[in-house]
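Listed here are the chains, written in short residue letters.
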Amino acid sequence: MATIEECRSALDKLSDSMQRAEGDVREAAALDRSVSCHITDLDVTFAGRMRGGRIDVHDTVPGPPPGRAEIRLAMTGDDLVALVGGELNFAKAWGSGRVKLHAGVRDLFQLRKLL
């Protein structure tokens, strides 16, 4: 089972990848939205903001997200690490329910370029 530190590191790695993106992916990464990522097996939530092509995590709280972020993810720590590491396909994980993503329709269309 992935640790909180490994999950935080995976989010940092994802943020770094987003910042280096080009074209349509860079456009999608440039959204300015509140973000939460609930790690279900650890019952911890990383909360922050996606802006300027990065994800800035500003809070780590126990339990589910304390507020309703504009983009909300939920998955196990192992799935987060596997997704960022390229070992798990996002579309398959989302389709099977391993990863949950909640966002507005316009944001979903933009995010699919990232994922």
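Placed above this text is the structure.
Just so it is clear, the model here is predicted, and its values are computed rather than measured. (Residues numbered from 1 in each chain as written. Predicted model: local features only at pLDDT ≥ 70, side-chain atom pairs only at ≥ 80, totals over all residues. Heavy atoms only, no water.)

Enquirer: Hey, could you go over the overall build of the chain for me, with residue numbers and the actual values?
Expert: Assigned secondary structure in the chain consists of five helices and five strands. Along its sequence from the N terminus, the chain presents helices and strands in the succession α-α-β-β-β-β-α-α-β-α. For the chain, the spread of C-alpha atoms along the three principal axes comes to 35 × 30 × 25 Å. Taking all 115 residues of the chain together, 39% fall into the buried category. Nonlocal contacts in the chain, meaning residues at least 24 apart in sequence, comprise 58% of its contacts between residues at least 6 apart. Positive and negative side-chain charges of the chain, numbering 16 and 17 respectively, have mean locations separated by a distance of 7 Å. (Helix = DSSP H or I, 4+ residues; strand = E, 2+ residues; numbered from the N terminus. Buried < 20%, exposed > 50% of the residue type's maximum accessible area, 1.4 Å probe, protein only. Contact = heavy atoms within 4.5 Å. Lys, Arg positive; Asp, Glu negative; His and termini not counted. Charge placed at Lys NZ, Arg CZ, Asp CG, Glu CD.)

Enquirer: For the sheet that holds strand E3 (residues 54–62), give the residues involved together with the corresponding values.
Expert: The five strands lie next to each other as E3-E2-E1-E4-E5, forming an open sheet whose pairing is mixed. Sheet topology places E3 and strand E5 (100–103) at the edges, where each strand pairs with a single neighbour. Across this sheet, the average inter-strand angle for adjacent strands is 15°, counted without regard to direction. Sheet analysis places strand E1 (residues 33–39) next to strand E4 (residues 71–75), joined by five bridges and oriented parallel. (Pairing = 2+ DSSP bridges. Axes fitted to C-alpha atoms, helices over the stretch in contact; angles between N-to-C directions.)

No statement about biological role is implied by the geometric values presented.
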